[in-house]
Amino acid sequence: MTYWLSPSSLSVLTDCPQCFWYEKKQGVKIEKPRGIFPGLPGGYDRVTKDYFDGFRETGTMPPEKPFQELASQGYRFFPDARKLAEWRNAKTGGIAYFDKKGNKFFGALDDLLVNTETKKVVVFDVKTKGDEPPMDAMKYNLDQMSAYAFLLQQNGFEVEDSAILAFYWPIRIEPDIQRIEHGIRLDRAPVNPQSALDRFNSALSILDKNEPPEASENCGWCGWLERRMAVKK
């Protein structure tokens, strides 16, 4: 049996190995309770992609100061819009790696920069926040960005050893010109492609077992299920 795993499915493994095993090994969909997903981040994601795609076509960078600083260092958006469109679409496979047994590691890459001097690519992503995020906010995204760096390496690209994350957050509404002023900050942190491969292989080793691993102590879903089963008894 072979498996298809993504950075998001590996995050389930991090949260609770038992939930991960049941979902991937037994096909049990773990529908964890959550509130209504807000539409604003999705809209922001769509708008920023369209915004960056315009500069991709012209080979330039946005006028905001953080992007102009990147431009002065030789960075531009990855120019192959067609290839990027393939990688953005997880439903059609995204960007992928297959091991020797046929297991697939894949993800939907949001965007990519390229250093025009070294020709190396840089994983680039955008996150929206309600307020300016703390300076260490990027640490929560490094597993995902390391996975993308690994997938790019496996698809023949030289990848810089750090990734860039753009944070956007609202500041105020300017009624005279009918727009929302937002803050922007570009954070940069090291990525570790090897750690992504290690996590992928570790996940497969768990799935090779016929019995599920122990649940995480703080897994709310497993705790709810255990209490529910106890009531039924």
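Computed from a predicted model, the values in this text were never measured in an experiment.

Before going further, it helps to spend a moment on the overall build of the protein. Each helix and strand in the protein was counted, giving eight helices and eight strands. The proportion of buried residues among the 233 residues of the protein is 42%. Approximately 13900 Å² of the protein is accessible, and the part contributed by carbon and sulfur atoms is 52%.

Turning our attention to the sheet that holds strand β7 (residues 162–174). Note on sheets: strands pair through backbone hydrogen bonds, and any given pair is parallel or antiparallel. In spatial order, the strands read β2-β5-β6-β7-β8; together these five strands make up an open sheet with mixed pairing. Edge positions in the open sheet fall to β2 (75–77) and β8 (179–190), since each of these has one partner strand only. Each strand of the sheet is rotated relative to its neighbour by a mean of 30°, with strand direction disregarded. By the bridge criterion, four bridges tie strand β5 (residues 111–115) to strand β6 (residues 121–128) in an arrangement that is antiparallel. Bridging across to β6, leucine 113 finds its partner in valine 122. Across the sheet, helix α6 (residues 142–154) touches β5, β6, β7 and β8, and the angle it forms with β6 is around 150°.

What follows concerns helix α7 (residues 193–207). Spanning 15 residues, α7 covers 22 Å between terminal C-alpha atoms, matching the ideal 21 Å at 1.5 Å per step. The set of residues buried in α7 consists of Pro193, Ala196, Leu197, Phe200, Ala203, Leu204, Ile206 and Leu207. Among the structural elements, β1 (4–5), α1 (7–15), α2 (17–25), β3 (95–98), β4 (104–107) and α6 are those in contact with the buried residues of α7. Looking at where α7 begins, the residue whose side-chain oxygen comes 3.2 Å from the main-chain nitrogen of glutamine 194 is asparagine 192.

For the coordinates displayed, the defined rule picks out 17 aromatic pairs. What links up through ring pairs into an aromatic cluster is the set Tyr51, Phe52, Phe55, Phe67, Phe77 and Phe124. Against the face of tryptophan 4 rests lysine 104, its NZ or CZ located 3.9 Å from the ring centre. The ring of phenylalanine 106 is capped by lysine 104, whose NZ or CZ atom sits 5.1 Å from the centre of that ring.

Thresholds applied
- Residues numbered from 1 in each chain as written.
- Predicted model: local features only at pLDDT ≥ 70, side-chain atom pairs only at ≥ 80, totals over all residues.
- Heavy atoms only, no water.
- Helix = DSSP H or I, 4+ residues; strand = E, 2+ residues; numbered from the N terminus.
- Buried < 20%, exposed > 50% of the residue type's maximum accessible area, 1.4 Å probe, protein only.
- Areas by Shrake-Rupley, 256 points an atom, 1.4 Å probe, with all protein chains shown as cover.
- Pairing = 2+ DSSP bridges.
- Axes fitted to C-alpha atoms, helices over the stretch in contact; angles between N-to-C directions.
- Contact = heavy atoms within 4.5 Å.
- Expected span 1.5 Å × (residues − 1).
- Polar contact = N/O pair within 3.5 Å; in protein donor to acceptor, adjacent residues only side chain to side chain.
- Phe/Tyr/Trp six-rings, centres within 6.5 Å; stacked < 30°, edge-to-face > 60°.
- Lys NZ or Arg CZ within 6 Å of the ring centre and 35° of its normal.

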